[in-house]
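# Observations on the three-dimensional arrangement
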Amino acid sequence: MSKKSKDLTAALDALEETVERQQASPDALLSELATLLLGFPRDSLQRPRAHRMLGVVYSQMGREADAFKELREARALATALSPPNYRELGNVARALSSMYGATGDDRLARDELVAALTFTAIDGKPGELVRLIVDVAQGELGAQRYENSALLFDFLLTGNDKLDVPDYTVQSARISLIQALNALGRHGEVPSHVKVSHATLSEDDRRLRFLTQLEAARASAGLGRHDEAEGALLVAENFLPETATAIDHSEFVEAVTELQEVRAGESAVESLQHLVAQSAEQGQAARIVVASRALANALLKRGDVPGALSALGRAFRAALDAKLKVASELRTEILRRAGADRLVDLAGSKSLIGLDDERDLRFVRLRALGHGSAGDSVLALDISDGAEVSLRTLDLSSLGRKKREAVLAGERRAYATVATLHDDRIAKIRDMRLAPDGMLYTLQLRPEGPTLRDLYAAGAEPARVLSLLAGTAGALSVLHRRELVHRDLTPDHVVVGRDNQGSELPVLIELGLAPVTMGAGIPGNPGVPPYVAPEQVAGEDSGTSADIHALGQMIAELWGGQVPSRANLGRLWKRDEGNQMPRDIGDLVRGMTAAESSRRTTDLGDIVEVLKSQRDLAGQDAS
């Protein structure tokens, strides 16, 4: 090896740990590595290593495409050598595993980790094996397989003679072991490890000292030593970084609410939900981020992944709105927590209403919303801005070209019209996209708030619900004046939001609009019983009177009338004896739910007046 090659290799050796531990600015590392790369010929044993380190730095900068490009080049070069550079192939696989894990693709992350372990076993150094054990142990900790993670971290602490584990790895492994022990309820084993951490950590290791104090507090609380726990939290607070949105602040808030739960009984989740709501009312973006991240962690401990993702989405929205640097970190965390199974990627699809195709078109599924007349719907998180949307899918692949074009033309016209309404009582259409495989995706913003179904079940005051139903009738009149029909109106498809003055406002969601599933050769539901009108069930043309029928059924539910057997709804207000409706309401509902569409009440203005009149009477009775 020439002196130049030796010097270049020595320079790479010096940078290896700096890159691994992120001890220098990525921009500076990028410049150094790019310069070094120029000095290695293509068939050099070290060139794959330089490409791999470049890929790792790009990944740290959030430049995923560049990172993958460099790592794949490193793999190709290491494979082409004779014999292959197995050691570097192991390092490349480890870096790819980390990237796939960060983007939520757990399957590929596992596959790469297995490859990394295999290649490292063939020709790796002990230090590289140590890093892989740490990766596996951290993965087990993140997956809440605490027994496995505790065993692996304990091995790293006790296996020094065999593996020569670096001091900084020992220190971080000890903190992770303490976290696993606390999660397993083995709080009595924690104090001895905390004592060692205090003795070995330097003053500069603020992050590790902070985490040690948090886990010491959790252990003390688990042992019933509440005053000790509170004291440990006070010490931990001294190590919080100045950056208000740093993850440390969320971890601290979570630990505080856990102690409150042990001492006062209110669950940590409830406390954090209150804190998020309070921060939102005060418009404090940084506090929303901190509290929402803490809430997400608390929900994950309960196994509520959709709830955790929703909380992270709220943090992400707040960070974007306030232009906080933590936004990109939150996007990565959402993808990692979601995993590949929850990811919907619409890259390659085409917007049918002329929207920008360059933005991030990835969505994280939170939960199913149901199956209606225009396809299946899920509540999803838009990765581009954290908004919660209704993502409705409809498979048009079975249609011929002419039939598909006719269906799409009808859908486009309907949704384009809705997009021009500018009425806060109708949820905004965000996009409509067609994938190459014939799948149609419709995205509608999902406002925050409970549904009418939630209010029914909670036994809300009659005057409140009647007022919201009157508002629902008013929103329908806006659609009907533009010759649009909702077609999927149910209590689940009316969200109770807030207007600019803070007053309650019913918002129509899940618009079925164009009747594409009936008579078009597309499998689908005509609607949800008992709200679906008879003509929809029969597969006949349905107009605005179908919405009148659905609204009539929703009004009837206030008195327990014709409710699906699966529902658990309260009977809210009985004006007459037993379970009878007031006469005016009874007459109204009968007129709205007539079997023949031609005989139904059609004047939404009259319906609004009757509902408001009954609202006022209900309010008088309540007082």
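Quick caveat, the model's predicted, so the values are computed rather than measured.

### Description of the overall build of the chain
Looking only at helices and strands, the chain features 25 helices and 9 strands. If one aligns the C-alpha atoms of the chain with their principal axes, the spans along those axes are about 95 × 65 × 35 Å. Within the span of the chain, comprising 623 residues, buried residues form 50% of the whole. Contacts in the chain between residues far apart in sequence, at least 24 positions, make up 60% of those at least 6 positions apart. Mean positive and mean negative side-chain charge positions of the chain (74 and 89 charges, respectively) differ by 3 Å.

### Section: the nonpolar core
L469, L479, L508, L551, I555, I607 and L611 are the most contacted members of the largest nonpolar core, which has 53 residues in total. Residue assignment for this core shows that the elements contributing at least two residues are α19 (401-419), β6 (429-434), α20 (452-458), α21 (462-481), β8 (494-498), α23 (544-556), α24 (583-592) and α25 (604-622). Tallying contributions element by element places α21 first for this core, with 10 residues. Core analysis: the next-biggest nonpolar cluster, separate from the first, contains 38 residues, V165, I178, A180 and A219 among them.

### Side note on the environment of H226
If you trace the backbone, H226 turns up in helix α13 (residues 226-237). Separated by 37 residues in the primary sequence, H226 and R263 have C-alpha atoms spaced 7.5 Å apart. Leaving out residues up to four positions away in the same chain, H226 has contacts with A221, L259, V262 and R263.

### Thoughts on the side chain of S390
Mapped onto the elements of the fold, S390 is located in strand β5 (residues 388-395). The exposure class of S390 is buried, given its relative accessible area of 4%.

### Here's the deal with the packing of aromatic side chains
For the structure on display, the rule yields 2 aromatic pairs. Taking 5.3 Å as the distance between ring centres and 40° as the angle between the ring planes, the aromatic pair formed by F68 and Y100 counts as tilted. Highlighted residues: F68 in helix α4 (residues 64-80) and Y100 in helix α5 (residues 86-102), separated in sequence by 32 residues. Each of the two residues, F68 as well as Y100, counts as buried. One residue, R21, lies across the ring of Y168, its end atom 3.7 Å from the ring centre.

### Looking at unusual backbone geometry
The omega angle of the peptide bond from S82 to P83 is -5°, so this bond is cis rather than trans. Within the secondary structure, P83 is located in the loop between α4 and α5. Unlike most non-glycine residues, Q22 shows phi in positive territory, near 55°. For Q22, the position within the fold is in the loop between α1 (3-20) and α2 (26-38). Look at Q22 and you get exposed, because its relative accessible area is 54%. Residues other than glycine seldom take positive phi values, yet R487 does so here, at roughly 75°. By the secondary structure assignment, R487 is in the loop between α21 and β8.

### Examining α21
Under the 1.5 Å per step criterion, the end-to-end length of α21 is 29 Å for 20 residues, consistent within 8% with the ideal 28 Å. Burial runs high along α21: 16 of the 20 residues are buried. Count one or two residues on from α21 and you reach E483, which has phi positive near 60°.

Cut-offs used in this document
- Residues numbered from 1 in each chain as written.
- Predicted model: local features only at pLDDT ≥ 70, side-chain atom pairs only at ≥ 80, totals over all residues.
- Heavy atoms only, no water.
- Helix = DSSP H or I, 4+ residues; strand = E, 2+ residues; numbered from the N terminus.
- Buried < 20%, exposed > 50% of the residue type's maximum accessible area, 1.4 Å probe, protein only.
- Contact = heavy atoms within 4.5 Å.
- Lys, Arg positive; Asp, Glu negative; His and termini not counted.
- Charge placed at Lys NZ, Arg CZ, Asp CG, Glu CD.
- Core = buried A, V, L, I, M, F, W, Y, C linked by side-chain atoms within 4.5 Å.
- Phe/Tyr/Trp six-rings, centres within 6.5 Å; stacked < 30°, edge-to-face > 60°.
- Lys NZ or Arg CZ within 6 Å of the ring centre and 35° of its normal.
- Expected span 1.5 Å × (residues − 1).

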